[in-house]
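If you want the building blocks of each chain, they are given just below.
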Amino acid sequence: MSVFIRLVAVLTVLLSMALMAVSVYAAKTEPVSPPAPSGSQQLTAIEGTATPSGSETPSEAAPDQAATPSRPGSRFAPDDASPAGVQDGARGSASMAVRVWSVPSFRPGAFGASAGAGDIPAGQLAAMQQIGAAIGVPWQMLAAIAKVESDFGRNMSTSSAGAIGYGQFLPEEWQIYGAGGDPYNYRDALLAMARYLLVAGAPSNMPDALYSYNHSWDYVEVVLSYAAGYGYSSGSAQTNFIWPVIGPISSYFGPSHPLGIDIDQSASPHAPVWAVAGGTVLFAGGDPCCSYGNYVIVQHDGGIATLYAHLDAIAVSQGEAVQQGTVLGTAGCTGHCTGPHLHFEVIDNGVRRNPLDYLPGGISD
């Protein structure tokens, strides 16, 4: 009898071990659903990330997460594969010592130059203005993104990157910023856009917020251009200037550089330099050997003049009337300079001011 009992015990142990092995195998092979994102989770960016510029919670219309936004997929390809890297106190392409970033420029006659609020469906325009005022994002930015991403809902097909709806959000991002809404409903999508831009640095740093939305400075340029056509201007002087060139700012207005800003043109030497607004050419000339080298001064309305220095060539003459976007010359490195760039000044009733207070999207510190 004792032998029989021992045999049963051994068989019981062997059966238990077999069941355990089967359970372990099943646990390893069973698919596991990822956990839903929580407010404290940092989301992994699909094509780059941007760190929120502040810790404030957006308005009550905004989500309760302070998540790090990644770029919603759109029809625009990123200009590089690197993440946005927007950090506290520094921009994505800047070091802590020297702030250098690609500034948007408005190519005259392109995109938003002919845009107007009449281009926006009336119901959508009212929603943009209400949401922009409630959340603190310029409604013109919401309008410009809607124009670029889906043509105000006329083309909401899924993009090659998998972006969906009116604002072309990736589904992962919509789960956060959509707050349970419908990505194909323009009001829900506009709310999501405003929440996203607010977390990414708007309205104080609109270019970088737009770059976070889509990692392409060409995209930023197009959106800002449409926004300008809808009446947006961040310059404190309300001048409605355009940028004279596109490129990174290599020297900012300040004690060490008190006259204006320098916009680097190493990547595009001999690029056209545009008049930021209409006016009359006060001076066109200079000495290629010295100081400003070849330069142009344009007088505008309101006692404001602008100066464009280190030009490789001059395309206008003194006394000539120019329009906004007229080519004044080409960028170069005449005079005292270490590389091709445009030195740009704003002279307001005889006083040199920070050009970033007059240029759209400009940020003065």
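The rules behind the values
- All chains use their own residue numbering, which begins from 1 and follows the written sequence.
- At least 70 in pLDDT is required for a residue's local features to be given in this predicted model, at least 80 for side-chain atom pairs to be given and counted, and no such filter applies to totals for whole chains, interfaces and linings, which use all residues.
- For the side-chain quantities, the full set of heavy atoms in the structure was used; hydrogens and water were omitted.
- Buried residues of nine kinds, namely Ala, Val, Leu, Ile, Met, Phe, Trp, Tyr and Cys, make up a nonpolar core once their side-chain atoms join them within 4.5 Å.
- Residue burial is assigned from relative accessible area. The probe radius is 1.4 Å, only protein chains are included, and a residue is buried under 20% of its type maximum, exposed over 50%, and partly exposed in between.
- Secondary structure elements are defined from DSSP: runs of H or I of at least 4 residues count as helices, runs of E of at least 2 residues count as strands, and each element is numbered from the N terminus.
- In this analysis, two residues are considered to be in contact whenever any of their non-hydrogen atoms come within 4.5 Å of each other.
- Counting rule for charge: Lys and Arg are taken as positive, Asp and Glu as negative, and neither His nor the chain ends is counted.
- When a carboxyl oxygen of Asp or Glu lies within 4 Å of a side-chain nitrogen of Lys or Arg, that pair is called a salt bridge.
- Under the rule applied, a polar contact is a pair of N or O atoms within 3.5 Å (in protein, one hydrogen donor and one hydrogen acceptor; residues adjacent in sequence only if both atoms are side-chain atoms).
- One fewer than the residue count of a helix, multiplied by 1.5 Å, yields its expected span.

Caption draft 1: Region of interest: the nonpolar core. The biggest cluster of nonpolar side chains holds 47 residues, and the ones touching the most others in it are M128, M141, L142, M193, L197 and L210. Those elements giving two or more residues to this core turn out to be α2 (122-135), α3 (139-150), α4 (171-177), α5 (186-199), α6 (206-213) and α7 (217-229). Residue contributions to this core peak at nine residues, all from α5. For M128, the residues in contact, after removing those within four places along its chain, are I120, W139, L142, A143, A146, F152, Y166 and L190. Y252, I261, L342 and Y358 belong to the second-largest nonpolar core, a separate cluster that totals 27 residues.

Caption draft 2: A look at the side chain of R195. Secondary-structure assignment places R195 in helix α5. No salt bridge is formed by the buried R195, whose closest oppositely charged neighbour, D188, lies at an N-O distance of 7.0 Å. Among the polar contacts made by the side chain of R195, one reaches the main-chain carbonyl oxygen of Y177 at a distance of 2.7 Å.

Caption draft 3: Examining α6 more closely. The element α6 is largely enclosed, with a buried count of eight among its eight residues. Every buried residue of α6 is accounted for by M206, P207, D208, A209, L210, Y211, S212 and Y213. Buried-residue contacts for α6 involve α3, α5 and α7.

Caption draft 4: Quick peek at the side chain of S216. Checked against the element boundaries, S216 lands in the loop between α6 and α7. In this structure the side chain of S216 is engaged in a polar contact, spanning 3.3 Å, whose partner is the backbone nitrogen of D218.

Caption draft 5: Structural view of α3. Here α3 spans 16 Å end to end across twelve residues, near enough to the 16 Å set by a 1.5 Å rise per residue. Burial analysis of α3 places twelve of its twelve residues in the buried class, the great majority of the element. Where α3 is concerned, the buried positions are W139, Q140, M141, L142, A143, A144, I145, A146, K147, V148, E149 and S150. Looking at the buried residues of α3, the elements they touch are α2, α5, α6 and α7. Looking one or two places after α3, you find D151, whose phi comes out positive at around 55°.

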